[in-house]
Amino acid sequence: MFVVFKLLVVLCVLAVAGAVLPAPPSPAKYGTLSFNQTGNVTRVTFDHPPINLVDAELTSDLLDFLNDLIPTNRTTPPPKVVIFDSANPDFFLGHIDVRSIQLPITEADTAFTINYLAVANLFNSITSTIFIAEINGEAFGAGQELTVQMDMRFAGPNTRTGSFENALGLVAGGGGQLFLGTLLNRGLALEYLLAVKTFDGPTGTRLGLFNNDFDTAEDQRTYVDALAARIGLFPANGLNETKAALSFRNPTLEALNTDVEGFYGLDGLAAQQANVAKLIALSDNQTKTPFELGLGESILELYQ
Ligand SMILES: *[C@@H]1O[C@H](CO)[C@@H](O)[C@H](O)[C@H]1NC(C)=O
Ligand SMILES: *[C@@H]1O[C@H](CO)[C@@H](O)[C@H](O)[C@H]1NC(C)=O
Ligand SMILES: *[C@@H]1O[C@H](CO)[C@@H](O)[C@H](O)[C@H]1NC(C)=O
Ligand SMILES: *[C@@H]1O[C@H](CO)[C@@H](O)[C@H](O)[C@H]1NC(C)=O
Ligand SMILES: *[C@@H]1O[C@H](CO)[C@@H](O)[C@H](O)[C@H]1NC(C)=O
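Residues numbered from 1 in each chain as written. Chains lettered and ligands numbered in written order. Predicted model: local features only at pLDDT ≥ 70, side-chain atom pairs only at ≥ 80, totals over all residues. Heavy atoms only, no water.

K.L.:
Any chance you could break down the pattern of salt bridges for me, citing the residues and the numbers?
P.N.:
For the structure on display, the rule yields 10 salt bridges. The residue Arg 43 makes a salt bridge to Glu 134 at a minimum N-O spacing of 2.9 Å. Of this pair, Arg 43 sits in strand E2 (residues 41-46) while Glu 134 sits in strand E5 (residues 130-135), placing them 91 residues apart in sequence. With relative accessibility at 7%, the residue Glu 134 sits in the buried group. Among the ionic pairs, Asp 90 bridges to Lys 288, the shortest N-O distance being 3.2 Å. Taken together, the residues Asp 90 in the loop between strand E3 (81-86) and strand E4 (91-93) and Lys 288 in the loop between helix H11 (270-282) and helix H12 (290-293) connect sequence positions 198 residues apart. Owing to a relative accessible area of 42%, Lys 288 belongs among the partly exposed residues under this scheme. (Salt bridge = Lys/Arg side-chain N within 4 Å of Asp/Glu carboxyl O. Helix = DSSP H or I, 4+ residues; strand = E, 2+ residues; numbered from the N terminus. Buried < 20%, exposed > 50% of the residue type's maximum accessible area, 1.4 Å probe, protein only.)

K.L.:
Explain the packing of aromatic side chains residue by residue, including any values.
P.N.:
For the structure on display, the rule yields 12 aromatic pairs. Centre to centre, the rings of Phe 46 and Phe 92 are 5.4 Å apart; their planes meet at 85 degrees, and the pair counts as edge-to-face. Taken together, the residues span a long stretch of sequence, with Phe 46 in strand E2 and Phe 92 in strand E4 at a distance of 46 residues. Through successive ring pairs, a cluster of aromatic residues spans Phe 35, Phe 46, Phe 65, Phe 84, Phe 92, Phe 123 and Phe 131. The lysine or arginine in question, Lys 197, covers the ring of Tyr 192, its NZ or CZ lying 4.9 Å from the ring centre. (Phe/Tyr/Trp six-rings, centres within 6.5 Å; stacked < 30°, edge-to-face > 60°. Lys NZ or Arg CZ within 6 Å of the ring centre and 35° of its normal.)

K.L.:
Quick one: what's the story with the sheet that holds E2, residue by residue and with numbers?
P.N.:
Ordered by their spatial adjacency, 6 strands build an open sheet running E1-E2-E3-E5-E7-E10, and the pairing between neighbours is mixed. Only two strands of the sheet have a single partner each, and these edge strands are strand E1 (33-38) and strand E10 (212-213). The pairing of E2 with E3 spans 6 bridges and is parallel. Paired with Thr 45 across the two strands is Asp 85, which belongs to E3. (Pairing = 2+ DSSP bridges.)

K.L.:
Lay out the pairing of E5 in plain terms, naming residues and giving numbers.
P.N.:
Buried residues dominate E5, accounting for 6 of its 6 residues. Side-chain alternation along E5 places Ile 130, Ile 132 and Glu 134 on one buried face and Phe 131, Ala 133 and Ile 135 on a second face that is also buried. Judged from the 4 bridges that link them, E3 and E5 form a sheet pairing that is parallel. Residue Ile 83 lies in a different strand from E5, and its bridge partner there is Ile 132. In the sheet, E5 pairs with strand E7 (residues 152-155) via 4 bridges, with the strands oriented parallel. If you follow Ile 132 over to E7, its bridge partner there is Met 152.

K.L.:
Could you give me a rundown of H11, with the residues and numbers involved?
P.N.:
For an α-helix the count is 3.6 residues per turn, leaving residues at separations of three or four pointing the same way. Between its first and last C-alpha, H11 extends 18 Å over 13 residues, near the 18 Å set by a 1.5 Å rise per residue. For H11, every residue scored as buried is listed here: Gln 272, Gln 273, Asn 275, Val 276, Leu 279 and Ile 280. Buried residues of H11, seen end-on, are gathered within an arc of 160 degrees and therefore sit on one face of the element. Facing away from the buried side of H11 by over 90 degrees, the exposed positions are Ala 270, Ala 271 and Ala 281. On its buried side, H11 packs onto helix H10 (253-267), H12 and helix H13 (295-298). Directly after H11, the chain includes Asp 284, whose backbone phi takes a positive value near 50 degrees. (Expected span 1.5 Å × (residues − 1). Arc of directions from axis to C-beta. Contact = heavy atoms within 4.5 Å.)

What follows is the structure in structure tokens.
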């Protein structure tokens, strides 16, 4: 009798604990993301060799994952914190698959762009989850554009990020330049955007782009795990209210739409298309070449 009672107590405790914890995400359709769920924190690892290119597959996986965080799409509470990291020490996230912006723009290209913009928007419109970028390695172009739209950024020793779009004659038109403008002062945002300059860990921290930077990836991970677990202790409704309140600092939907239009106003021009073709050639079709590994500076090869 006593054993049965003890068993019931254990089952009840498990049921209560189980009821409040988020269910782990389903495996990513294209396998470009892997997941590790610990309590109220989900760690998402970008794993899309060779350079974590932000292409249709990675974008589709990200969109599925983010859509599933929307509270009304779930039967369990969403994770309070999501940490993004990379399986590749050289690349946190790549740039966009630039073949998608080469003329002619196909239906598949348009579908990809729509998904990409939806992903960027969800980092902000989902206020019930806090998104942390645990950056190590490169994040240029789309990689930078997505991380500036997350809620916090922590930089590891190999971090090099930036928007290189102006070197192509384009703009970081998916929110990248607008969000950078909310994180840095206007002069600094313009310096880094217009001159296509690179943020390393210490520089990004000094300017307020990164919350902090670390000498080792281990120290970085230990810090981010502890921070996320600490946030994960607190009631979800309060966390949601705080993230939602700070949304007043985000660019308006109108400004974001103007940004996308600005991009497409430039993309079809001959000089821009020539630069994109040159980028594909110099990077050996967007693979792990010295060009991609040093993108922040090698992009100047377009002008040699
Ligand atoms: C998942 O994350 C936890 C907490 O950081 C860690 O202890 C564990 O080793 C991770 N599991 C895998 C499979 O990476
Ligand atoms: C989740 O909800 C959004 C809008 O509420 C919807 O567009 C999306 O398709 C849903 N996703 C899933 C996987 O149910
Ligand atoms: C997860 O969140 C729930 C609901 O706020 C809370 O009861 C629980 O203690 C949290 N668990 C951890 C490990 O932080
Ligand atoms: C989060 O807070 C916002 C602003 O108060 C509110 O509109 C929204 O319903 C909240 N979401 C959740 C899941 O509590
Ligand atoms: C470039 O790489 C993609 C895969 O990312 C491949 O589908 C395409 O055929 C390649 N193009 C050339 C010209 O090698």
